[in-house]
Amino acid sequence: HKGMDDEENIKLLLEKGIYPIARIVVFKDPVLAEGRQDLALKTKSGGIWRDRKGLAWVDPHNEEVWKYAVDVAKEAAKKGFREIQFDYVRFPTDGDVENAIYPFANGKAKEDVILEFLNYARAELKPYNVFISADVFGLTTLTLDDMGMGQKYEKIITAVDYVCPMVYPSHYGTGNYGFKNPNAYPYEVVYNALMDAQKKSATVGVSTIIRPWLQDFDLGTPKYGPEQVRAQIKATYDAGLEEWILWNSGNKYTEKALLPE
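Residues numbered from 1 in each chain as written. Predicted model: local features only at pLDDT ≥ 70, side-chain atom pairs only at ≥ 80, totals over all residues. Heavy atoms only, no water.

**Student:** So, the overall build of the protein: which residues are in play, and what are the values?
**Tutor:** Secondary structure assignment for the protein yields seven helices and nine strands. In terms of overall dimensions, the protein is globule-like: its C-alpha atoms have a radius of gyration of 19 Å, near the 18 Å expected for 261 residues. Principal axes of the C-alpha set define a box for the protein whose edges measure 50 × 50 × 35 Å. Counting the 261 residues in the protein, one finds 46% classified as buried. (Helix = DSSP H or I, 4+ residues; strand = E, 2+ residues; numbered from the N terminus. Rg over C-alpha atoms; globule rule 2.2 N^0.38 Å. Buried < 20%, exposed > 50% of the residue type's maximum accessible area, 1.4 Å probe, protein only.)

So this is what it looks like as structure tokens:
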């Protein structure tokens, strides 16, 4: 609401029964990377490394970077946000990753660096009485490794209250879950991915809430409308879960996919 300050806005949300989540992008932070180039990933020739979109990243090994992200989270908690959701809590995966130099590398596995950041964040935020969540690639519920980016599902779920796998059917490749075009099977892909997630959670023995991100955007074919979005929501419930969030980068959501109360 434009005429109100942050605290008034949060108060209004809470009065309306709306649960405010602060989504904080952690390691894909071009503002910090450009402003503090000593913290940025470098190229082998010594310049600033950039991903496919030309954006600079900060080094996930660096604890000053951790503190910066958590300081932002603390500000959000003070404003009244009930949950801190860490996004891009991973190493880069696109662009010339072979040419990326991590100035603060310490010999630790990527998946352990990400786990240590989340454990640090949870400890630092404990006095603020907020829930902690992490966004992870949808494929992390299926794969056995950290996919080369530090997101090992079994480790991340030990450090957060909510895990949010981005199970967008368009992001699965030919052959995943037996489908030539997974995007054409929104129900089946989401159902299978979330059943896999629960199997992993059971193996680890944690009660972390699984709250998937569902696809409400077009990428590939078919186009996504009420039928495809609704299918994913139904799959979430049929998998025995109770929560989900829709993603559309322009915040344009398919209203007809949502049932009235």
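Still more to cover.
**Student:** Describe the pattern of salt bridges, and please don't skip the residues or the numbers.
**Tutor:** Inspection of every chain in the model, using the stated rule, returns 17 salt bridges. The salt bridge partner of Glu34 is Arg50, with a shortest N-O separation of 2.6 Å. Of the two residues, Glu34 is situated in helix α2 (residues 30-35) and Arg50 in the loop between β2 (42-43) and α3 (63-79); the sequence distance between them amounts to 16 residues. For Lys67, the salt bridge is made with Asp71, and the minimal N-O distance between the two is 2.8 Å. Linking Lys67 with Asp71, this pair stays in helix α3, spanning four residues, or about one helical turn. (Salt bridge = Lys/Arg side-chain N within 4 Å of Asp/Glu carboxyl O.)

**Student:** Give a detailed account of the packing of α3 against helix α4 (residues 110-125), specifying residues and quantitative values.
**Tutor:** Two elements in contact, α3 and α4, have axes separated by 10 Å at closest approach and are oriented at 40°. For the pair α3 and α4, the sense of crossing is right-handed. Contact with α3, carried on its side by Trp66, Lys67, Ala69, Val70, Ala73 and Lys74, involves Val113, Glu116, Phe117, Tyr120, Ala121, Glu124 and Leu125 of α4 and no other residues of that element. (Axes fitted to C-alpha atoms, helices over the stretch in contact; angles between N-to-C directions. Left-handed = near helix turned anticlockwise from the far one by under 90°. Contact = heavy atoms within 4.5 Å.)

**Student:** Give me the lowdown on the packing of aromatic side chains, citing residues and values where you can.
**Tutor:** The relative placement of two aromatic rings is captured by the distance of their centres and the angle of their planes. What the rule picks out here adds up to 12 aromatic pairs. Judged by centre distance (5.4 Å) and plane angle (65°), the ring pair of Phe27 and Phe117 falls under edge-to-face. Of this pair, Phe27 sits in the loop between β1 (21-25) and α2 while Phe117 sits in helix α4; the two residues are 90 residues apart in sequence, bridging distant segments of the chain. Ring geometry for Phe179 and Tyr185: centres 4.2 Å apart, planes at 15°, overall stacked. A residue is classified by how much of its surface remains accessible, and Phe179, at 16% relative accessible area, is buried. Overall, Tyr185 belongs to the partly exposed group, its relative accessible area being 34%. Three or more aromatic residues joined by ring pairs form one cluster here, namely Phe27, Trp66, Phe86, Phe117 and Tyr120. Directly above the ring of Tyr162 sits Arg211, whose terminal nitrogen or CZ lies 4.1 Å from the centroid. (Phe/Tyr/Trp six-rings, centres within 6.5 Å; stacked < 30°, edge-to-face > 60°. Lys NZ or Arg CZ within 6 Å of the ring centre and 35° of its normal.)

**Student:** How would you sum up unusual backbone geometry? Please name residues and give values.
**Tutor:** Residues Thr221 and Pro222 are joined by a peptide bond in cis, for which omega reads 0°. The residue Pro222 is located in the loop between β8 (213-215) and α7 (226-238) in this model. A positive phi is found at Tyr88, a non-glycine position, where the angle reads about 50°. Its place among the elements puts Tyr88 in the loop between β3 (83-87) and β4 (100-101). The class for Tyr88 is partly exposed, based on a relative accessible area of 22%.

**Student:** Would you mind going over the nonpolar core in detail, with residue names and values included?
**Tutor:** Counting residues in each nonpolar core, the largest one holds 61 residues, and the members touching the most others are Phe27, Ile84, Phe86, Phe117 and Leu118. Sequence-distant contacts of Phe86, defined by excluding residues within four places in its chain, comprise Ile24, Val26, Ala69, Ala73, Phe117, Leu118, Ala121, Leu125, Ile132, Ser133, Ala134 and Asp135. With six residues, the next largest nonpolar core counts Met166, Tyr168, Trp213 and Phe217 among its residues. (Core = buried A, V, L, I, M, F, W, Y, C linked by side-chain atoms within 4.5 Å.)

**Student:** Could you give an account of α4, with specific residues and numbers?
**Tutor:** In this model α4 runs 23 Å from its N-terminal to its C-terminal C-alpha over 16 residues, within 8% of the 22 Å that 1.5 Å per residue would give. Taken together, the buried positions of α4 are Glu111, Val113, Ile114, Leu115, Phe117, Leu118, Ala121 and Leu125. (Expected span 1.5 Å × (residues − 1).)

**Student:** Please set out the side chain of Gln85 residue by residue, giving values where relevant.
**Tutor:** Mapping Gln85 onto the fold places it in strand β3. Under the relative-accessibility criterion, Gln85 is labelled buried at 2%. Dropping the residues within four chain positions of it, Gln85 is found in contact with Ile21, Ala22, Arg23, Ile24, Ser133, Asp135, Cys164, Arg211, Trp213 and Ile245.

**Student:** Could you give an account of α7, with specific residues and numbers?
**Tutor:** Along its 13 residues, α7 runs 18 Å from first to last C-alpha, staying within 8% of the 18 Å computed at 1.5 Å per residue. The set of residues buried in α7 consists of Gln228, Val229, Ala231, Gln232, Ile233, Ala235 and Thr236. On the buried face of α7, the contacting elements are α6 (186-204), β8 and β9 (245-247). Count one or two residues on from α7 and you reach Gly240, which has phi positive near 90°.

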